[in-house]
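Here are the chains, one letter per residue:
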Amino acid sequence: MSERGFLPGVFKGLGITMKTMARPAVTHEYPDARPDLPPRSRGVIALVEENCTSCMLCARECPDWCIYIEGHKETIPATTPGGRERQRNVLDRFAIDYALCMYCGICVEVCPFDALYWSPQFEYAEFDIQDLLHEKERLGQWVQTVPVPPALDERAPDAAEVVSANKPPRVPRPAAAAGDATGAVSAAGEAPVRRERPAGGDRPARAERPAPEAAAGAPTDATTDAATPATRDAEPAAPPEPPEPAVPAEPPVAPEEETS
Amino acid sequence: MTALDVALVGFGLLALAGALLAVTTRHIVHAALWLVVALGSLAGVYLVLGAEIVALVQLLVYVGAIVVLVLFALMVTRSPIGPSRDHATSPAHRGVAAVIAAGLVALLLAVLLPIAGSGAVTRQVTSNRALGADLFGTWAWPFELLSLLLLASLVAALAIARSRAVTGKEDA
Amino acid sequence: MGAAMSVWEVVLRSVAVLAAFLVLPLLVGFMEHKVMAHMQARLGPMYAGGFHGWAQLIADAAKFVQKDDLLPTAADKGVFRLAPSLALIPYLVALAVVPLSPSIVGADAPASAVVVLAATAVGVLGGLMAGWASANKYSLLGGLRSAAQLIAYELPMVLAVASVALAAGTLSLTGIATEWRPWWLLWQLPAAFVFLAGGCAEIQRPPFDMPLADSEIVFGPYTEYSGLRFALFLLAEYAGIVLMSLLMSVMFLGAWHGPWSGPLGWLWTILKAVPIAFLFLWFRNSWPRLREDQLQRFAWLVLVPLALVQLLITAVGVVMMR
Ligand code: SF4
Ligand code: SF4
């Protein structure tokens, strides 16, 4: 600090503290008032047991080795006479030790089957550290607290599930292919394909999206429904879906649009 | 025996005990702390005799400044907790010291006993105003002389400190 | 004076002083909790006692009582045990002679201004003893620093008090406050500044808290203390704030001078002391700690010359008014 800047600095310090004192405090009185957590807070990890295939990816990627998975294989007898028997993984134990977990989120990221979700719920402190080991029943209960995923961007491509559900049935292959081709051609021919989509923004798939959100937004209703938010998203979207040819053609369209 | 007598004798004995312990203890810092007791009791003696301002200045200057300086110096040097034999004096040394101390006591007693009164303690409260008038009137010259002495030692200390600072610049 | 008082009066006065000594530091301590919190955009204690955590310090005291009274093996046990009381009791003595109004004073001494100075000087001895007896390097460093600080700041403080005493022509605090006139606010302003800074250093409050410096030498002389003995040190710190604020109020702000000063004089004295106590808290929250060399430089190159100049101004004023 220069000699000249000393006195003003002294008074500036006093001014800052006085100003802060005049303003209301920022403290959240937590046990009395709920904290206002951001939607992607990492509170606890929820397990959707139905989605888990016991693939062990999460357990192997966990830097703390705090996920414990045990399972066995079951043989499913052939459904058709003379058919092949199938094997299926059955999850016996899935546990996360929150005394070790460092909330890195790697397990949630790597799970290829959307079986793990972040929940902002954080009030699971225990008096005994061993009680921080949550077995799969407890992990499953956290699913109710998982928030609805945020809505997609207005112009984002549809989720993979929606796209696949929207695909026309396979059987009448040639006809569908022709429809596809014409759709693609017409889309490529007119520049505003993209612009067409906001105009047709009330396509059923998009209009449908808020509905499952509302269902999941009230977790108490969803207690019996163990389905993951993602599958919930996809399922109601499927039935009223008319075939929409433009969608599968979308990826090739985008670069063209950029050049024009 | 009045209450004043008792108080005077009590403070006197306390001062004596503190002084004796200060010179005999083997704990260096304890010696400084016993000095506090001795000086404080002396302040008590002044208080009993009615010299309030002298007692307070005794506390302020001797306990508040001199002893603090002594403690400061002791802390800067290595003063161990517990008895230390490093600074023990030889018996001959002690004998000489005792003789000199006894001589001093005898001298003081010889001077002071004849002028001591009947024995009963009387409390003569001197007002601060009178004390000030005396100090800066009657005793102005000794007072100024003392301040000159202090000034001289201050300048000397400064000179020593500065010469050190100049020569010590290279290794600093 | 002593003979004129009945035994009952002595007891009553002692109890009153003791009560003030125990209650006022708690009030200042709670004020510090709250002021500090709000200056940091926090709320501070909110639970103990229900309403805005008013009982927080009582709860703290209950906690201190339950704590283990630790005694380091290598410590000098007697000195270690004695130090907290030696740090606390001088403030009690000093508080007893501070008048709240011409009639409300624990013990009216003819040289009460010197009594408080002597008492605070002796009080620092407690910190020194604690620092040395703890057998801990941090404590020793803290003790050293408090000794150096005491020596540096004692002088300007004595000079500042001498200035008002000279102006009032008396060494008694009651006398000084009685003689006080509003224009002294200007006349004695440098002395007030010196006293405020010196007082802040004397009770080792930030920005002059080099001896404690919790972020570098843990807590200086108090590092090894716990439980009640530590609480005594804390009490001494807040009693120091109370004492310094009251002294500022009595010596520089005119104590009980104000409307209805007859019946409400004591209230005026306290009301004037509150902003000073707030200043101590405000300084603590606003300023960083001074380094040891800055501390000494400030004392010897700013405060002492300023106090000497003030003494000169006062002397000229007194002679001219004769
Ligand atoms: S969040 Fe990280 S540390 Fe915790 S269980 Fe998942 S991978 Fe392991
Ligand atoms: S990665 Fe997902 S599917 Fe695989 S074991 Fe973990 S939770 Fe189950």
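Conventions and cut-offs
- Residues numbered from 1 in each chain as written.
- Chains lettered and ligands numbered in written order.
- Predicted model: local features only at pLDDT ≥ 70, side-chain atom pairs only at ≥ 80, totals over all residues.
- Heavy atoms only, no water.
- Helix = DSSP H or I, 4+ residues; strand = E, 2+ residues; numbered from the N terminus.
- Contact = heavy atoms within 4.5 Å.
- Areas by Shrake-Rupley, 256 points an atom, 1.4 Å probe, with all protein chains shown as cover.
- Rg over C-alpha atoms; globule rule 2.2 N^0.38 Å.
- Buried < 20%, exposed > 50% of the residue type's maximum accessible area, 1.4 Å probe, protein only.
- Buried area = accessible area lost by both parts, 1.4 Å probe.
- Salt bridge = Lys/Arg side-chain N within 4 Å of Asp/Glu carboxyl O.
- Polar contact = N/O pair within 3.5 Å; in protein donor to acceptor, adjacent residues only side chain to side chain.
- Nonpolar A, V, L, I, M, F, W, Y, C, P; charged D, E, K, R; others polar.
- Near = heavy atom within 4 Å.
- Phe/Tyr/Trp six-rings, centres within 6.5 Å; stacked < 30°, edge-to-face > 60°.
- Expected span 1.5 Å × (residues − 1).
- Axes fitted to C-alpha atoms, helices over the stretch in contact; angles between N-to-C directions.
- Parallel < 35°, antiparallel > 145°, perpendicular 65-115°, else oblique.
- Pairing = 2+ DSSP bridges.
- pLDDT = per-residue confidence, 0-100.
- Left-handed = near helix turned anticlockwise from the far one by under 90°.
- Patch = residues over 30% accessible without salt bridge, like charges linked within 9 Å, V, L, I, M, F, W, Y side chains within 5 Å.
- Arc of directions from axis to C-beta.

Considering the overall build of chain A
Thought 1: Helix and strand content of chain A: 11 helices and five strands.
Thought 2: If you take every contact in chain A between residues at least 6 apart in sequence, the share linking residues at least 24 apart comes to 75%.
Thought 3: Put simply, chain A shows about 17000 Å² of open surface, and 59% of that area lies on carbon and sulfur atoms.

Section: the overall build of chain C
Thought 1: Within chain C, the secondary structure is distributed over 12 helices and zero strands.
Thought 2: Against the 2.2 N^0.38 benchmark of 20 Å for 322 residues, chain C shows a C-alpha radius of gyration of 20 Å, consistent with a compact globule.
Thought 3: The C-alpha extent of chain C, read off along each of the three principal axes, is 60 × 45 × 45 Å.
Thought 4: Across the 322 residues of chain C, 55% fall into the buried class.

Some thoughts on the interface of chain C and chain B
Thought 1: The interface of chain C with chain B comprises 30 residues on the first partner and 24 residues on the second.
Thought 2: Summing both sides of the interface, chain C and chain B together bury roughly 2200 Å²; the carbon and sulfur share of this comes to 82%.
Thought 3: Summed over the three residues of chain C that lose the most area to chain B, namely Leu-125, Trp-132 and Leu-144 of chain C, the buried surface amounts to 28% of that side.
Thought 4: Connecting chain C to chain B are zero salt bridges.
Thought 5: Between the two partners, chain C and chain B, sit one residue pair in polar contact (both at pLDDT 80 or more).
Thought 6: Elements with a contribution of two residues or more to the side of chain C that touches chain B: helix 4 (112–133) and helix 5 (137–168) of chain C.
Thought 7: Counting residues per element, the side of chain C that touches chain B draws most heavily on helix 4 of chain C, which supplies 11 residues.
Thought 8: In the side of chain C that touches chain B, the residues fall into 26 nonpolar, two polar and two charged.

Remarks on the site of ligand 1
Thought 1: In the vicinity of ligand 1 lie 13 residues, with Cys-62, Cys-101, Cys-104, Gly-105 and Cys-107 of chain A positioned nearest.
Thought 2: Along the lines of polarity and charge, the residues of the shell around ligand 1 split into 11 nonpolar, one polar and one charged.

Notes on the site of ligand 2
Thought 1: What surrounds ligand 2 is a group of 14 residues, the closest being Cys-52, Cys-55, Met-56, Cys-58 and Cys-111 of chain A.
Thought 2: In terms of residue class, the shell around ligand 2 is made up of 12 nonpolar, two polar and no charged.

So, the interface of chain C and chain A
Thought 1: At the junction of the two partners, chain C supplies 15 residues and chain A supplies 13 residues.
Thought 2: Between chain C and chain A, a total of about 1300 Å² is buried, with carbon and sulfur atoms accounting for 70% of that surface.
Thought 3: For the pair chain C and chain A, the interface holds seven residue pairs in polar contact (both at pLDDT 80 or more).
Thought 4: Elements with a contribution of two residues or more to the side of chain C that touches chain A: helix 1 (7–39) and helix 11 (261–286) of chain C.
Thought 5: The greatest single-element share of the side of chain C that touches chain A, amounting to five residues, is contributed by helix 11 of chain C.
Thought 6: Counted by class, the side of chain C that touches chain A contains 10 nonpolar, four polar and one charged residues.

Observations regarding the pattern of salt bridges
Thought 1: Applying the stated rule across the entire model yields 16 salt bridges over all chains.
Thought 2: Among the salt bridges present, the one from Lys-136 of chain A reaches Glu-49 of chain A, with a minimum N-O distance of 3.9 Å. In this pair, Lys-136 of chain A sits in helix 4 (residues 136–141) while Glu-49 of chain A sits in the loop between strand 1 (44–47) and helix 2 (57–61), placing the two residues 87 residues apart along the sequence.
Thought 3: Where Glu-32 of chain C meets Arg-205 of chain C, a salt bridge forms, and the shortest distance between an N and an O atom there is 2.8 Å.

Some details on the packing of aromatic side chains
Thought 1: Taken as a whole and judged by the stated rule, the model has 19 aromatic pairs over all chains.
Thought 2: Relative to Tyr-103 of chain A, the ring of Tyr-98 of chain A lies with its centre 6.1 Å away and its plane at 20°, an arrangement referred to as stacked.
Thought 3: Looking at Tyr-103 of chain A, the relative accessible area reads 26%, which means it is partly exposed.
Thought 4: By way of ring pairs, the aromatic residues Phe-64, Phe-80, Phe-219, Tyr-222, Tyr-225, Phe-230 and Phe-233 of chain C are connected into one cluster.

A word on the environment of Glu-29 of chain A
All names here are of chain A.
Thought 1: Its place among the elements puts Glu-29 in the loop between helix 1 (6–22) and strand 1.
Thought 2: Looking at Glu-29, the relative accessible area reads 28%, which means it is partly exposed.
Thought 3: Residues Glu-29 and Asn-166, spaced 137 residues apart in sequence, show a C-alpha to C-alpha distance of 49 Å.

Topic: helix 8 (residues 189–202) of chain C
Residues and elements named next belong to chain C.
Thought 1: Across its 14 residues, helix 8 extends 19 Å between first and last C-alpha, which sits within 8% of the 20 Å expected from 1.5 Å per residue.
Thought 2: Along helix 8, the positions that sit buried rather than exposed are Ala-191, Ala-192, Val-194, Phe-195, Leu-196, Ala-197, Gly-198, Gly-199, Cys-200, Ala-201 and Glu-202.
Thought 3: For helix 8, the elements touching its buried residues are helix 3 (77–96), helix 4, helix 5, helix 10 (227–252), helix 11 and helix 12 (292–321).
Thought 4: Of the residues one or two after helix 8, Gln-204 is the one with positive phi, at around 55°.

Describing the packing of helix 1 of chain C against helix 10 of chain C
All names here are of chain C.
Thought 1: Packing of helix 1 against helix 10 brings their axes to within 8 Å, and their N-to-C directions diverge by 90°. One way to sum up the angle between helix 1 and helix 10 is to call them roughly perpendicular. From helix 1, Phe-21, Leu-22, Leu-24, Pro-25, Val-28, Gly-29 and Glu-32 reach across to helix 10, where they touch Leu-235, Tyr-238, Ala-239, Ile-241 and Val-242.
Thought 2: Residues that form the contact of helix 1 with helix 10 fall into these classes: 10 nonpolar, one polar and one charged.

Quick word on the sheet that holds strand 3 (residues 86–97) of chain A
What holds strands together in a sheet is hydrogen bonding between their backbones, with the strands either parallel or antiparallel.
Residues and elements named next belong to chain A.
Thought 1: Spatial ordering of the open sheet is given by 2-3-5, a layout of three strands whose pairing is antiparallel. Either end of the sheet is taken by a strand with one partner, and the two such strands are strand 2 (67–76) and strand 5 (133–134).
Thought 2: For strand 3 and strand 5, the ladder comprises two bridges, and the chain directions are antiparallel. For Asp-97, the partnering residue across the bridge sits in strand 5 and is Leu-133.

Describing the confidence of the model for chain C
Detail in the predicted coordinates should be disregarded across regions flagged by low pLDDT.
Residue and element names in this part refer to chain C.
Thought 1: Mean pLDDT over chain C works out to 84, with 98% of the residues at or above the 70 mark.
Thought 2: Within chain C, no element has a lower average pLDDT than helix 7 (residues 184–187), which sits at 82, and none a higher one than helix 8, at 89.
Thought 3: In the model output, the complex is listed with pTM 0.71 alongside ipTM 0.75.

A short note on the packing of helix 5 of chain C against helix 12 of chain C
Residue and element names in this part refer to chain C.
Thought 1: Contact pair helix 5 / helix 12: the axes reach a minimum separation of 8 Å and the direction vectors enclose 15°. The orientation of helix 5 relative to helix 12 falls into the category roughly parallel. Crossing of helix 5 over helix 12 shows left-handed handedness.
Thought 2: Classifying every residue of the contact of helix 5 with helix 12 by side-chain character gives 21 nonpolar, five polar and two charged.

Re the pairing of strand 4 (residues 116–119) of chain A
Working note: regular strand, side chains alternate between the two faces of the sheet.
Residue and element names in this part refer to chain A.
Thought 1: In strand 4, alternate side chains face the same way, and those of Leu-116 and Trp-118 on one face and Tyr-117 and Ser-119 on the other are all buried.
Thought 2: Relative to strand 4, strand 1 runs antiparallel, the two sharing four bridges. Along strand 4, the bridge assignment pairs Leu-47 with Leu-116.

Side note on a nonpolar patch on the surface
Thought 1: A cluster of nonpolar side chains, namely Val-96, Ile-100, Leu-104, Leu-107, Leu-108, Val-111, Leu-112 and Ile-115 of chain B, defines an oily patch on the protein surface of about 800 Å² accessible area.
Thought 2: Among the structural elements, Leu-108 of chain B can be located in helix 4 (residues 91–115).

A few points about helix 2 (residues 56–66) of chain C
Residues and elements named next belong to chain C.
Thought 1: Buried within helix 2 are the following residues: Gln-56, Leu-57, Asp-60 and Phe-64. What you see down the axis of helix 2 is that its buried residues fit within an arc of 90°, all on one side. In helix 2, the exposed residues that point more than 90 degrees away from the buried face are Val-65 and Gln-66.
Thought 2: Buried residues along helix 2 sit against helix 1 and helix 10.

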